[in-house]
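Examination of the molecular architecture
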Amino acid sequence: MTAEVAVLGVGMHPWGKWGRGFVEYGVVAARAALADADLDWRDVGSIVGADTVRGGYPGYVAGGTFAKALGWQGARVTSVYAACASGAQAIDAARAQILAGLAEVVLVVGADAAPKGFFRPAGGDRPDDPDWLRFRVLGATNPTYFGLYARRRMAVHGDTADDFARVKVKNSAVGALNPYARYRKRVTAEEVAASAVVSDPLRLLDICATSDGGAALVLCSLEFARRHGAADPVRIRAVSTVTPRYPHAVLDLPDIATDSAVAVEPAGRAFRASIAAAAYEEAGIGPEDLSLAEVYDLSTALELQWYEDLALCAEGEGAKLLRDGATALGGRIPVNVSGGLASFGEAVPAQALAQVCEVTWQLRGQAGGRQVADARVGITANQGLFGHGSAVVAVR
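First, a word on what this report is: a plain description of the structure on this page. Note that residues are indexed from 1 along each chain, following the sequence as it is written. Since the coordinates come from a predicted model, pLDDT governs what is reported: local features require at least 70, and pairs of side-chain atoms require 80 or more to be given and counted, while whole-chain, interface and lining totals use all residues. To obtain the side-chain values, all non-hydrogen atoms of the structure were used and water was disregarded.

**Description of the side chain of Asp-309**
Numbering of helices and strands starts at the N terminus; helices are DSSP runs of H or I of at least 4 residues and strands are runs of E of at least 2. Within the secondary structure, Asp-309 is located in helix 10 (residues 300-309). In protein, a polar contact means a hydrogen-donor-capable atom and an acceptor-capable atom, both N or O and within 3.5 Å, with residues adjacent in sequence counting only if both atoms are side-chain atoms; elsewhere, any N or O pair within 3.5 Å suffices. Side-chain polar atoms of Asp-309 contact the side chain of Arg-272, separated by 3.1 Å. In this structure Asp-309 touches Arg-272, Ala-273 and Ala-276, once residues within four positions along its chain are discounted. The criterion used for residue contact is that any of the two residues' heavy atoms lie within 4.5 Å.

This is how it looks when you write it as structure tokens:
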């Protein structure tokens, strides 16, 4: 188990479609996190930015962009990109700097101004880019993959469209209570069923939108937290950033193939399950220790898959766990009490950070009507393109 770092402050910019640049969203979130930590920007020794690659050139160097927007003050700067796992990679980089003694206080920021509709590749020919290839060779947009995941669950485990709709109903009920969520309206199963088919069997309300938004964390050493008067802060205990293993038998967005020359034994776990297993091992806990989980519900069907990948239930029992009410607020292991991407939409570099914001509020007992009783341990989980794992374990 690695040494812990403290989450001294968290902040967010509300998700939506605001028509402004990602830098503005990130600065709002950063200032909110600094205020929550009771620190000034000049107290920060390092800033780590999760990159926004569609937002123009500044997005490629988000750390420097946010540092300039907040006011140059000489802080160390880092920029990272791992698609939807960028936030977790940024947390990992910040944690490493703190544990290495390079900085006592690190500000982590991610923000996005996403395009309307589904994501598409940037212009130009890049035949060595798997994301470019899957559009050009397979013609597969993100919803295509989501539909394939859903069909596989239906074929292998017997999940139904009604099960997928239950996920949306559950998440919209808590998302309606979240002031940072884009969609704050409860949705019924009938409304899900009546929405347009996008990628059979998934309908419009089964799939998350693209959104603008921002999130930020102030991380610090435990010694600094205590000197600052935070005797019992939320702590980051583990960050998992693992990659898949060959053979990778279940198609994953946007991977098409990998190099078989590595000549290793077949993996004992699927990729997403390995992300969670690495986090549990590093944190010295198991799924039975969790109070809540925030997972990457790009689609309703994918949330059910995460239940199994996090070992909250046995393989094939995700839908049963949902039907039994175990993953709802007040259940045995609440999942996505923030409202999830179903209520927020994707703001790619910000979403892994937003998950940690939610877990932090829950562990502090500050989540209002979404509060999980006696929350002590939380896990976040998602994945990024090109085999980037992403999970964070926070405790109090």
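So much for the structure itself; the text now carries on.
**As for helix 3 (residues 86-99)**
Here helix 3 is 14 residues long and its end C-alpha atoms lie 20 Å apart, about the 20 Å a rise of 1.5 Å per residue gives. Burial here depends on accessible area, computed with a 1.4 Å probe over protein chains only, as a share of the maximum for the residue type. Under 20% is buried, over 50% is exposed, and the range in between is partly exposed. Counted residue by residue, helix 3 has ten buried out of 14 residues, so it is predominantly covered. One or two steps after helix 3, the chain reaches Gly-101, where phi turns positive at roughly 80°. Multiplying one less than the number of residues by 1.5 Å gives the expected span of a helix.

**Observations regarding the packing of aromatic side chains**
Here a Phe, Tyr or Trp ring, Trp counted by its six-membered ring, pairs with any other such ring whose centre lies within 6.5 Å, and the pair is stacked when the planes are under 30 degrees apart, edge-to-face when over 60, and tilted otherwise. For the structure on display, the rule yields three aromatic pairs. Ring geometry for Trp-15 against Phe-344: centres 5.2 Å apart, planes inclined by 80°, an arrangement best described as edge-to-face. In this pair, Trp-15 sits in strand 1 (residues 5-16) while Phe-344 sits in helix 12 (residues 340-344), placing the two residues 329 residues apart along the sequence. By the burial criterion, Trp-15 is buried, and Phe-344 matches it. Here Tyr-180 and Trp-361 contribute two aromatic rings whose centre-to-centre distance is 5.4 Å and whose plane-to-plane angle is 5°, an arrangement assigned as stacked.

**Here's the deal with the environment of Arg-364**
Within the fold, Arg-364 resides in helix 13 (residues 348-364). Along the primary structure Arg-364 and Asp-374 are separated by ten residues, whereas in three dimensions their C-alpha atoms are 9.5 Å apart. Apart from residues no more than four positions distant in its own chain, Arg-364 is found in contact with Val-7, Leu-8, Gly-9, Val-10, Asp-36, Val-234 and Arg-396.

**What about unusual backbone geometry?**
Between Asp-200 and Pro-201 the backbone carries a cis peptide bond, its omega angle lying at 15°. Looking at the element boundaries, Pro-201 is found in the loop between strand 5 (197-199) and strand 6 (202-203).

**Describing the sheet that holds strand 7 (residues 212-220)**
We call two strands paired when DSSP finds no fewer than two bridges between them. Pairing in this open sheet of nine strands is mixed, and the strands run 3-2-4-7-1-8-11-10-9 from one edge to the other. Edge positions in the sheet fall to strand 3 (76-80) and strand 9 (292-295), since each of these pairs with one other strand and no more. Ignoring which end each strand starts from, the neighbouring axes of this sheet average 25° apart. For strand 1 and strand 7, the ladder comprises eight bridges, and the chain directions are antiparallel. The partner of Ala-6 across the bridge, within strand 7, is Cys-220. Packing of helix 1 (residues 22-37) onto the sheet brings it into contact with strand 1, strand 4 (105-113) and strand 7, and relative to strand 1 it is tilted by some 140°. Between the N-to-C directions of two axes lies an angle of 0 to 180 degrees, each axis being a line fitted to C-alpha atoms and, for a helix, fitted only over the stretch in contact.

**Some points on the pattern of salt bridges**
By definition here, a salt bridge exists when the distance from a side-chain nitrogen of Lys or Arg to a carboxyl oxygen of Asp or Glu is within 4 Å. As enumerated under the stated definition, the model contains 21 salt bridges in all. Asp-92 serves as the salt-bridge partner of Arg-95, at 3.0 Å between the closest nitrogen and oxygen. With Arg-95 and Asp-92 both in helix 3 and three residues apart, the pair spans about one turn of that helix. Residues participating in the shared-partner salt-bridge network are Glu-4, Asp-232, Arg-235, Arg-237 and Arg-396.

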